[in-house]
Amino acid sequence: MSTRNGSGTERAEAVLAAVGGPENVVQAWHCITRLRFTVRDRARVDLDRLRDTAGVAGAQFSGDQLQVIIGTDVEREYRALAARLGESAATADAPATARRGWARFGPRRIADLLLETLSGIFTPILPAIVGAGLLKGVLALLVQLGWLTEGGEVAAVWDIVADGTFYFLPFLVAASAAKRFGTDLSLSMAVPAALLYPTLVEGAALIGEGGAEGLAFGPWQVPFVTYSSAVIPPILGVYLLSWVHRGLTRVIPPALRIVVVPLVSLVVTIPVVLVVLAPLGHYAGGYLSEGSLWLFDHGGVLAGALLGGLMPLIVLTGMHYAFFPATFQTLASRGYDVILLPFNLVANLATAGATMAVAIRHRRLRSLAISTGLPAFLGITEPAIYGVTLRLKRPFYFTLAGGAVGGGYAALFGLKCFGFAVPGLASLPLYVNADHPANILHAVVAVALSFSIAFGLTLAFCRPEPEPAGDEPDQPVGTLAAPLAGRVLPLAQVPDPTFADGLLGPGVAVDPTGDVVVAPFDGTVEVLPGTAHALALRSTGGTEVLIHIGLDTVGLEGAPFRALVAQGDRITRGQELIRFDRARIEAAGLSPVTPVVITNAALIGEVRPATGATEVATGNPLLTLPAIDGHPAIDTTRGAH
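Rules of the game
Residues numbered from 1 in each chain as written. Predicted model: local features only at pLDDT ≥ 70, side-chain atom pairs only at ≥ 80, totals over all residues. Heavy atoms only, no water. Pairing = 2+ DSSP bridges. Helix = DSSP H or I, 4+ residues; strand = E, 2+ residues; numbered from the N terminus. Axes fitted to C-alpha atoms, helices over the stretch in contact; angles between N-to-C directions. Left-handed = near helix turned anticlockwise from the far one by under 90°. Contact = heavy atoms within 4.5 Å. Nonpolar A, V, L, I, M, F, W, Y, C, P; charged D, E, K, R; others polar. Phe/Tyr/Trp six-rings, centres within 6.5 Å; stacked < 30°, edge-to-face > 60°. Buried < 20%, exposed > 50% of the residue type's maximum accessible area, 1.4 Å probe, protein only. Lys NZ or Arg CZ within 6 Å of the ring centre and 35° of its normal.

J.: What's the story with the sheet that holds strand β10 (residues 516-518) in this structure? I'm lost.
T.: Sheet strands associate in pairs through backbone hydrogen bonding, adopting either a parallel or an antiparallel arrangement. Strands sit in the order β10-β16-β14 across an open sheet of three strands; the sheet is antiparallel. The open sheet terminates on both sides in strands that have one partner only, identified here as β10 and β14 (561-563). Taken over all neighbouring pairs, the strand axes of this sheet differ in orientation by 20 degrees on average, direction set aside. As defined by bridge partners, β10 adjoins strand β16 (residues 576-580) across three bridges and the pair is classed as antiparallel. Bridged to valine 516 within β16 is arginine 579.

J.: What is the right way to look at the packing of helix α7 (residues 169-181) against helix α10 (residues 232-251) in this model?
T.: The geometry of a pair of packed helices is captured by two quantities: the angle between their axes and the separation between those axes. Between α7 and α10, the least distance of the axes is 9 Å, while the angle of their chain directions is 35 degrees. Here α7 runs over α10; the crossing is right-handed. Two secondary-structure elements touch here, α7 through Pro170, Val173, Ala174, Ala177, Ala178 and Phe181 and α10 through Pro234, Ile235, Val238, Tyr239, Ser242 and Arg246. Tallied by class, residues from the contact of α7 with α10 come to ten nonpolar, one polar and one charged.

J.: Which parts of the structure should I look at to understand the pairing of strand β8 (residues 486-490)?
T.: Each regular strand displays side chains that alternate between the two surfaces of the sheet. Summarising the sheet, β8 and strand β9 (residues 507-512) pair through five bridges and their orientation is antiparallel. Among the inter-strand pairings, glycine 486 is bridged to a residue of β9, identified as proline 512. Two strands pair when backbone bridges link them, and β8 and strand β19 (residues 615-616) are joined in this way by two bridges, in the antiparallel orientation. When the bridges of β19 are listed, glycine 486 appears paired with valine 616.

J.: So what exactly am I meant to see when it comes to the sheet that holds β19 here?
T.: Spatial strand order, β15-β11-β12-β13-β17-β9-β8-β19: eight strands in an open sheet with antiparallel pairing. One side of each edge strand has no neighbouring strand; the edge strands of this open sheet are β15 (570-571) and β19. Bridge count for strand β11 (residues 523-527) against β15 is two bridges, and the pairing is antiparallel. What sits directly across from glycine 523, in β15, is isoleucine 571.

J.: Mind showing me how you'd approach the packing of aromatic side chains here?
T.: Each aromatic ring pair is characterised by the separation of its centres together with the angle its planes make. Per the counting criterion, the structure on display carries eleven aromatic pairs. Taken together, a centroid distance of 5.0 Å and an interplanar angle of 25 degrees make the contact between phenylalanine 328 and phenylalanine 420 stacked. Taken together, the residues phenylalanine 328 in helix α12 (residues 324-333) and phenylalanine 420 in the loop between α16 (394-412) and α17 (439-461) connect sequence positions 92 residues apart. Phenylalanine 420 carries the same exposure label as phenylalanine 328, and that label is buried. Geometrically, the ring pair formed by phenylalanine 377 and phenylalanine 451 is tilted, given 5.7 Å between the ring centres and 40 degrees between the ring planes. With phenylalanine 377 in helix α14 (residues 366-377) and phenylalanine 451 in helix α17, the pair connects residues that are 74 residues apart, well separated along the chain. Cluster of aromatic residues (ring-pair linked, three or more members): Tyr167, Phe168 and Phe171. Its end group placed over the ring of tryptophan 243, arginine 246 keeps NZ or CZ at 5.4 Å from the ring centre. Above the plane of the ring of tyrosine 336 lies lysine 416, whose end atom (NZ or CZ) is 5.4 Å from the centre.

What follows is the structure, given as structure tokens:
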């Protein structure tokens, strides 16, 4: 389970403070590597403070525009920044093309939007959920040890502290959804307030005693349903409110908005929520929960092995957020989760095991493996996966094997998690329960199995890095093909300090003589903005490359560029990716010089020019890179197409 957004939150606050505070920002947006600002007062911007901010590669003014260099992870940082600026400044509209990426609404795009929405809603409220969940686990452990009397007044007070977050979870979800959907926070709070109104809560409690099943509301009925801990109903309600509120704001005269917009928003939204959306969300969550339990009951060891083994892939794609509604529903109705949290736990510890083995076997990656492996013990695995196991491949496969064995054991003995927390060693108290005394023992065994198998396989079969002979440095063995033809320039000669100072990584620049950028290797398109002025690629060997066509060309709003691929596409070496018009770039007074940068060189090793020639043809060697796990960082067995 990822907590990557936490660092983005802290960095956003630091960046905003150095920019002069939110009140100094007129507009903010981003390109492929940089946060871009229009500010009211340049004198309030502290460039030195920006440059010293952790995770910021550099900062500069270009004309009247402030640029903060982040790297290819800029989109995530922008989302954290936008949540603090609000829609008045962080519209992402400065490059008008920022919305072009939304033009394709195929099944894949819809799925991506759903996962992005769930991630954007749940990530900001995870601290409260995790803190309360861990407290519930600690209280259960104290009761088991006899240090706290169950049912006593002291325990009752601590239960209020731990359970309050989950009972009123719809308020947290609604507040986060309001920010995500860009609507009024106070009106959004009216949605969970209606869902948890005493009339509904008391009515739901009396149904079992023969009470009415709902309230008559004209020809419709408001069903008595318990919405405590619900997540889907408040999301649906706030989403509807955002559209109603936005539509009313557009048509109501400014002088009447303060009275008419809130009134009509509530009158339209809340009845629809109570009659249609909330019951729909409640029953949908119930079916998801029951479906998960059915899978657990009937899938047996095989289902557990699949979930435990595939969980790292599920987390990498962000699909674990799709499990959240069912998880919260199951925790509320059954008091435990058997799908997401137990299998996420064994998978996370498998990642920790494989990463620690890499620290032993690979001298060059030892520091990185230790620094990313230790957080994996606490459930923060993405640094270890991206930085170590996925890059070396074999440790990642062994992680899947460890998770599968641990997951199979967990399913065999019906492992249950009785609260929500980031699945790591610190969450083990959540597996303590008086009615299931062996549960904690099964959790420890499942974790030990997944860790030891991933650790042992990696230690045994992941080839160690050969020691260099004498004082000779490791020799580069991988070759990056030139993605475009032209005159080769050192980065230091590029008239942009972001590239010239190597802030985004080492590489070279090409002053193009052609009009097309091709794939320098087999891999995937990781980032491709709507302007198509740049793109980030990842090779099958793990090398990450940024190709930025021209300097400061984001301001051209895509006019000289035509993308021939889409973000997420698989690419083959020599495949055409982008066509561009050099003449239009130069007519706008901009340089067509194209930096080609290795953005993850710190994980790969020294990057060198492949040749001393000043001219390069498309597909010819441009850069050389060292080996990873005995294999080239880039597949050099194939010629250019």
